[in-house]
Amino acid sequence: MRVTIEINGTERVLDDVWEGESLLYALRERAGLPGAKNACEQGECGSCTVYLDGRPVCACLVAAGQAAGHAVRTVEGLSTVDGELDRVQRAFLAAGAVQCGFCTPGLIVATHDLLARVPSPDDAQIREALSGNLCRCTGYEKILDAVRLAAGSPA
Amino acid sequence: MSTVPARTAQDLTADVAGGIGHSPQRPDGVLKVRGEFAYSSDLWADDMLWGATLRSPHPSARIRGVDTSAALALPGVYAVLTHADIPGPSKHFGLVVSDQPVLAIDEVRYQGEAVAVVAADHPETARRAVAAIRVDYAVREPVTDAAAARADDAPRVHPDGNIVRYARIRRGDPAPTADVVVRGEYAIGMQDQAFLGPESGLAVPAADGGVDLYVATQWLHADQRQIAPCLGLPQDKVRLTLAGVGGAFGAREDLSMQIHACLLALRTGRPVKFVYSREESFFGHVHRHPATLSYETGATRDGKLVYVKGSVVLDGGAYASSTPAVVGNATSLGAGPYEVPNVHMDVWGMYTNNPPCGAMRGFGSVQAAFGYESQLDRLAAALGLDPVELRLRNALHQGSTMPTGQVVDSAAAVREILTAVRDMPVPPTDPGTDPLGLPGGAGNTTHGEGVRRGIGYAVGFKNVGFSEGFDDHSTARVRLGVVGGEPVAVVRTAAVEVGQGHVTVQQQIARTELGVDRVVIPPADTSMGNAGSSSASRQTYLTGGAVRAACRAVRDRVLDRARARTGVRDGLDLAGGNVVDAGGAVLVPLAELLADGEIDETAVYRPRRTAPMDPDTGRQDFAHLQFAFCAHRAVVDVDTELGLVRVVELAAAQDVGKAVNPGALVGQIHGGSVQGMGLALMEEIQVEGGIVRNPSFTDYLIPTILDTPPMPVEVLELADPHAPYGLRGVAEPPTISAAPAVVAAIRAATGRPLTRIPVRPQDITG
Ligand code: FES
Ligand code: FES
């Protein structure tokens, strides 16, 4: 089937989408946006987190067809058009919160959403907000540092 | 030559100034935070096909027949291959022993063993084709008890018997006695590395009849060595390039989809991509060896260790993988980081029909440490001594003799790291009443009633680099040239970046040695010499050593040119892109010197060569290159009624010799600690009758940010004079000491013996 989705501000027409295909597959394999990652495809790891109409979702749990007519924003759509990094992206870099980086796109979208809702979260709020995002490399300490750092920088 | 796929590994050019001892940003960091870093699962070629694998549902069975006709008849299916399609000469692979069939040959030895592979135009078509393959199995009773598999009359998993390796230590008195003796039996479940980036890669058939494979691995040359003979190709026609790696932790040291993708690419003439699902990933890589351990520890009344007798059975599962090395570590390190005059160790690594086990962070040491550290706590209780005090009285130090007879020839800071964690401030004792800060967390299971606090300590240690006579080495090529009027160093190696930050370290070394800011790291590939594996905490030491050596060769030639040009003979140095004199004054810019041509040097770095242990006594003066130590103090709150644990704090102290990149190494200590904590509390692949019960992230739990406590870290820098910059390997020791420290803390809170990890709620509630 043909599916039309607004992705990172641009209307995209995706052809030959199979009914069972997830939004994650459509983004990665059809829209050329591999930023959202596939680590479990079961809604457990948060690596595939993207915005759907402004709310973070696991793209692996959304059928591509369900996203038709809606607006999706991925990690690739967070930096400004001229390529400048978002403050969350800068903070993850500066805090050393990136090792293998496979969890990073999902964590960055989840943090971006948290800071939009709660500008100055305490540690308990950060842990709660990021509890759906697994990271196997960092032990999360520097991810906490990154979120604190981002919260303290101008948006 | 083939065309390079549309999306593939990138040169890393981004850099932030910073040499040895600094923590510059990762050169791949900007790509990673933008979502633009090309992981192996992101690779893409125009006309590529998707691979899929048919795996055995049975842990042990004969195969009477395989019928692929229905699969081949499906539209969109381009190839279905079984073992009969493997050109050979080899149809097997294996890291140490070539014992595992690329595709099952007449029998399967574990649930999940690959039987056939398919290439199709959509991953769903490939999955349907796999489902359409008919296999006629004659199911057999699996061998699932590793200890029982040692019996002479046990059914054989492989024709030569079930023992992959037996090793032992016989040191000192053969029948030692002591004032106080404690005995214990311990068990460790099967842990999974659970990296986030699934096994994946893209094989592209080449015009010269060879194949180019872009893949996430830990050791490009070991892959190449095993792949080529199965394809019937010479090594140089199987070219590997590292794609982005989403974590490894040992699980990528063995092959997964590599040979399958190459076979299908060569058969179809099209690029073939594999990406394992999470469930398939659980079957697609080896795990940490489950173990049963039996220890007897004797000491004098004033707490000096007299002897350790240990017997360890490691379940290696269906194929050997790195079991021989795991056995070697559990044997030689099995008495712990202590001075013990009399040691008997007997360690078996076994074949069974359970999932194959091999490398995972800290292998061999993790299992042994749970045994020897639990024993020390038992002994402390029997002696009425403080557990830290008992450890201090027996701490290994520089000049101590290991059970193998090896004398520790650089710092062994057991005393220093133990006192460091002991002396860190202790978190406030009142856990409060917010459920999020209590055991059970958001489950809201307690408001503090039945909650008890406990504190536990442990020390662990690990050999760094490959031991027991392996010719460990690495290779680097460094080219210094001029780009846009600026001196630029290009550092090429085959060393694998798995997330640990090795690419950052390579840049730091080049900046320090060559006095330049700009350092480019092209993707690692097999056109370079062997770098060895990104495992055994060895890459900063080994490839770091090679990069340093190549830089120094380049530097010597630069300085020769500078002497010829300036006439200044002595005290020349490189700094800030210039050749400077002893006072730091600029003599000549590098860019000017390099106008005469760039300088290009390759170096192979070989550290001191280790040697095998004596098979009867374990005796060997130099079995290991280097030892690395970590200590933990765990503080836990335990809901004693429900058996739930919350780790309040997990403090670590580690000697790193030289903090080459302080930020990255603290990140290693954090991540390694949490993997050890996960082993203590929740991580276990549950295997019943050879069948894996929980191959998903829904059922195999790893710590989330809510499970993970604050982790203060103290880093010591006691240089090892034999190692580049004095450094010591970092990544594995934290995983070794974290698990026994957490369990010791739960014991302190509950008084329960807790002889098995992961600790289950019923172990606490009784
Ligand atoms: S891939 Fe979607 S939650 Fe894991
Ligand atoms: S950085 Fe590797 S999973 Fe988070």
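Basis of the calculations
- Every chain begins its residue count from 1, and numbering advances along the sequence as written.
- Following the order in which they are written, the chains are lettered starting with A and the ligands numbered starting with 1.
- This being a predicted model, a pLDDT of at least 70 is required before a residue's local features are given, and a value of 80 or more before pairs of side-chain atoms are given or counted; all residues contribute to the totals for chains, interfaces and linings.
- With hydrogens and water set aside, each side-chain value is computed from the structure's full complement of heavy atoms.
- A pair of strands is labelled paired if DSSP reports no fewer than 2 bridges between them.
- Here a strand is any run of E in DSSP of at least two residues, a helix any run of H or I of at least four, and the numbering for each starts at the N terminus.
- For this analysis, residues touch if any pair of their heavy atoms sits within 4.5 Å.
- Only C-alpha atoms enter the line fits that serve as axes; for helices the fit covers just the stretch in contact. Angles between N-to-C directions range over 0 to 180 degrees.
- Here's how the labels work: a residue is buried when its accessible area is under 20% of the maximum for its type, exposed when over 50%, partly exposed in between, all with a 1.4 Å probe on protein chains only.
- As a working definition, buried area equals the accessible area (1.4 Å probe) given up by two parts on being put together, with both sides summed.
- Take a side-chain nitrogen of Lys or Arg and a carboxyl oxygen of Asp or Glu: if they are within 4 Å of each other, that pair is a salt bridge.
- By the criterion applied in these results, polar contacts are pairs of N or O atoms within 3.5 Å in which, for protein atoms, one can donate a hydrogen and the other can accept it, and in which residues neighboring in sequence qualify only through two side-chain atoms.
- UniProt positions are given in the numbering used here, feature names are shortened, and annotations may be inferred rather than shown by experiment.
- To estimate the expected span of a helix, subtract one from its residue number and multiply by 1.5 Å.

**Considerations on the sheet that holds strand β15 (residues 291-299) of chain B**
Residues and elements named next belong to chain B.
Step number 1: Strand order across the open sheet formed by six strands is β9-β17-β16-β15-β10-β31, with mixed pairing between neighbours. Sheet topology places β9 (163-171) and β31 (756-757) at the edges, where each strand pairs with a single neighbour.
Step number 2: Pairing analysis gives nine bridges linking strand β16 (residues 305-315) to strand β17 (residues 342-350), with the strands arranged parallel. When the bridges of β17 are listed, V313 appears paired with W348.
Step number 3: Docked against the sheet, helix α7 (residues 323-332) engages β9, β16 and β17, running at close to 20 degrees with respect to β9.

**Considering helix α5 (residues 258-268) of chain B**
Residues and elements named next belong to chain B.
Step number 1: Most of α5 sits inside the fold, with eight of its eleven residues counted as buried.
Step number 2: Along α5, the residues that are buried comprise Q258, I259, H260, A261, C262, L263, L264 and A265.
Step number 3: Of the residues trailing α5, G269 is marked for its positive phi of about 70 degrees.

**Regarding the interface of chain A and chain B**
Step number 1: In this complex, chain A contributes 49 residues to the contact, which on the side of chain B involves 60 residues.
Step number 2: Interface area lost by chain A to chain B is led by L93, R127 and R136 of chain A, which between them contribute 19%.
Step number 3: Applying the counting rule to chain A against chain B returns four salt bridges.
Step number 4: Its salt-bridge partner being D42 of chain B, residue R28 of chain A comes within 2.8 Å of it at the nearest N-O pair.
Step number 5: The tally of links between chain A and chain B comes to 25 residue pairs in polar contact (both at pLDDT 80 or more).
Step number 6: Contributing elements (two or more residues each) for the side of chain A that touches chain B: α1 (23-30), α2 (87-94), α3 (104-117), α4 (123-129) and α5 (141-151) of chain A.

**As for the UniProt feature "domain: Aldehyde oxidase/xanthine dehydrogenase a/b hammerhead" (unreviewed entry) in chain B**
Step number 1: Sequence positions flagged by UniProt for "domain: Aldehyde oxidase/xanthine dehydrogenase a/b hammerhead" (unreviewed entry) are, in local numbering, residues 34-141 of chain B.
Step number 2: Overall, residues 34-141 of chain B shows 15% helix and 35% strand. The separation of its end C-alpha atoms is 51 Å.

**Remarks on helix α11 (residues 502-514) of chain B**
Residues and elements named next belong to chain B.
Step number 1: With 13 residues, α11 should reach 18 Å at 1.5 Å per residue; the first-to-last C-alpha distance of 18 Å fits that figure.
Step number 2: Where burial is concerned, most of α11 is hidden: twelve out of the 13 residues are buried.
Step number 3: Along α11, the positions that sit buried rather than exposed are H502, V503, T504, V505, Q506, Q507, Q508, I509, A510, R511, E513 and L514.
Step number 4: Of the surrounding secondary structure, the elements contacted by the buried residues of α11 are β19 (474-483), β20 (486-493), β21 (518-520), α12 (539-566), β22 (573-575) and α13 (590-593).
Step number 5: In the stretch just after α11, G515 is the one whose phi turns positive, near 65 degrees.

**Here's the deal with the environment of L49 of chain B**
Residues and elements named next belong to chain B.
Step number 1: If you trace the backbone, L49 turns up in strand β1 (residues 49-55).
Step number 2: Given the relative accessible area of 0%, L49 is considered buried.
Step number 3: Ignoring any residue separated from it by four or fewer positions in sequence, one finds L49 in contact with Y78, A119, A120, D121, T268, R270, P271, V272 and K273.

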